[in-house]
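Spelled out from the first residue to the last, the chains are:
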Amino acid sequence: MTTYLNFIDGAFVKGSADPFANHFPATGEVIGEVSAAGRAEVDAAVHAARAALKGPWGRMPLAERAALLRKVAEGINARFDEFLAAEIRDTGKPRSLASHIDIPRGAANFTVFADQITTASTEAFEMPTPDGKGALNYALRVPRGVIGVVCPWNLPLLLMTWKVAPALACGNTVVVKPSEETPATATLLGEVMNAVGIPPGVYNVVHGMGPDAAGEFLTTHPGIDGITFTGETRTGEAIMRAAATGVRPVSLELGGKNAGIIFDDADLDATLEGIGRACFANSGQVCLGTERLYVQRGIFDRLAAGLAEKARAYQLGDPFSDATTMGPVISAEHRDKVLRYYDQAKAEGATVLAGGGAPEVGGHAGGYWVQPTIWTGLPENSPVVRNEIFGPCTHMTAFDTEEEAIALANDTPYGLATSIWTTNLGRAHRTAKAVDVGISWINAWFLRDLRTPFGGSKASGIGREGGVHSLEFYSELRNVCIKL
Ligand code: NAD
Ligand code: 6OD
């Protein structure tokens, strides 16, 4: 049994709120206890972060700060296996996935934003003045201050460091509230921060739930200068309301109901591989995943048969085994929610091409398992086709024309991502431009260059992070005008 403590001012401390259990999703076993922060610990974390900002961190030259962030990346890599095991125990995701995506990206976020901040530039303008002597304007990039970082459970280390790394690179300090489901890697990162010499108070972690608990205590705390959040759209709305007090900036990366669009000229094998991952990777618990699939009529049946075969080929089992390709979903509550949609799809008369229920997974009876599932035949206004389910499932609809596919893809309150499959170059560019999302992939899915703008349109979020866009959120530009 591991006890997850809060990390405040460089020390691991017990919280004053009621502790809660941490479960291994593959078996449902209790494997740890989370010491939840009350208002007092959240307050202490915010004060420690403020003090660090005014102390050595605030005075540290940029090159030294960037060098320390590179050491954080090295520190994660040096303890790769510990981070990997911690992430697998918290989420149940297969080792093959976490070792290729979650942990390497957790480290890479620190090197990428160390590079970014050391190469960033700002504007300068010379201007004429009536006395003919002129003036010079230049912009200084200054940190925002103490940043509240609120994270989800689906890619815990990856998504937390995606925010912490640029925030620290810009000279801010942070208080992180990891998801209550996944306390482990944020806590372990505290040890790395201490080991590599990040000053106390720069990186703080408070554990607990969201509403009326650590999440809300943090986002409503007047000592927080900006909030970055990834999670559900409804939570994003609550956080935006909290941020309105004191006019604090927010960056919101929210939910999606992403459409995949497959034209009949697509390379079928490449499409099946890419779209298979888009529908089922991480048991469908990826905000960028494809839960609506629009397929041109000429290849619909072949695509449906191929995808159903892919769904049935997933190996559900021990997440620590290299043979396992799909883990459970995160919690009993989430499994029940996903299975309610599975039942609703059947009740509404969907044709189930694969899965559709809860599997038996040998030796893992208490785990939170659901089958990878494919439906056809539901109307576009079905809640199964409209709501984000966040499970390993997708609904397929046939279309005839490019215009029809674009209209279907855009008929959603969300606007996070799309994955378009075609070998027609003109059609690829037209469709990528016409689908109202923040991220369009063509003949690819979740192919990430961390310098690119990342974020959603409509109900999928506000703002862009990534590369210079992260610097724009995590710093402010102060214009200096000097009369010559
Ligand atoms: P969630 O919104 O339930 O929780 C996210 C975090 O917010 C947790 O730490 C939670 O404790 C906290 N929280 C909840 N209520 C709060 C409140 N009132 N005040 C402050 N904090 C609060 O999301 P989740 O279930 O952890 O994650 C899944 C969701 O995240 C999905 O909707 C998914 O699409 C979305 N997501 C989006 C992106 C993106 O980049 N757009 C990435 C990953 C996940
Ligand atoms: O790759 C990233 O940087 C990122 N933010 C991925 C988000 C995945 C959502 O589940």
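The shown structure was predicted, so the numbers you read here are calculated from the model rather than taken from an experiment.

**Here we look at the site of ligand 2**
So, step 1. All residues in the neighbourhood of ligand 2 are listed as Arg 105, Asn 154, Leu 155, Leu 159, Trp 162, Val 286, Cys 287, Leu 288, Phe 446, Arg 448 and Phe 454.
So, step 2. Measuring from an oxygen atom of ligand 2, one finds a side-chain N or O atom of Asn 154 at 2.8 Å.
So, step 3. One of the backbone nitrogen or oxygen atoms of Cys 287 is found 2.8 Å away from an oxygen atom of ligand 2.
So, step 4. Across the shell around ligand 2, the residue classes tally to eight nonpolar, one polar and two charged.

**Some thoughts on the environment of Ile 239**
So, step 1. Within the element layout of this structure, Ile 239 appears in helix α9 (residues 233–244).
So, step 2. Exposure remark for Ile 239: the relative accessible area of 6% places this residue in the buried category.
So, step 3. Excluding residues within four positions of it along the chain, Ile 239 makes contact with Val 150, Thr 219, Ile 227, Phe 229 and Leu 252.

**Points about the site of ligand 1**
So, step 1. Neighbouring residues of ligand 1: 30 residues in total, closest Lys 177, Glu 180, Thr 235, Leu 254 and Glu 388.
So, step 2. Between ligand 1 and the protein, one listed contact pairs an oxygen atom with a backbone N or O atom of Glu 232 at 2.9 Å.
So, step 3. Between Leu 254 and ligand 1, the recorded distance is 2.6 Å, taken from a backbone N or O atom to a nitrogen atom.
So, step 4. For ligand 1, whose accessible area on its own is 850 Å², the fraction buried by protein is 92%.
So, step 5. Most atoms of ligand 1, that is more than half of them, are within 2 Å of grid points of the largest pocket.
So, step 6. Elements with a contribution of two residues or more to the shell around ligand 1: α8 (214–219), β11 (226–230) and α9.
So, step 7. For the shell around ligand 1, the leading source of residues is α8, giving three residues.
So, step 8. Residue classes in the shell around ligand 1 are distributed as 15 nonpolar, nine polar and six charged.

Rules and cut-offs
- Residues numbered from 1 in each chain as written.
- Chains lettered and ligands numbered in written order.
- Predicted model: local features only at pLDDT ≥ 70, side-chain atom pairs only at ≥ 80, totals over all residues.
- Heavy atoms only, no water.
- Near = heavy atom within 4 Å.
- Polar contact = N/O pair within 3.5 Å; in protein donor to acceptor, adjacent residues only side chain to side chain.
- Nonpolar A, V, L, I, M, F, W, Y, C, P; charged D, E, K, R; others polar.
- Helix = DSSP H or I, 4+ residues; strand = E, 2+ residues; numbered from the N terminus.
- Buried < 20%, exposed > 50% of the residue type's maximum accessible area, 1.4 Å probe, protein only.
- Contact = heavy atoms within 4.5 Å.
- Areas by Shrake-Rupley, 256 points an atom, 1.4 Å probe, with all protein chains shown as cover.
- 1 Å grid on protein atoms, 1.4 Å probe; cavity = no way out; pocket = protein on both sides within 12 Å on 5 of 7 lines; lining within 4 Å.
- Sits in = over half its atoms within 2 Å of the grid points.

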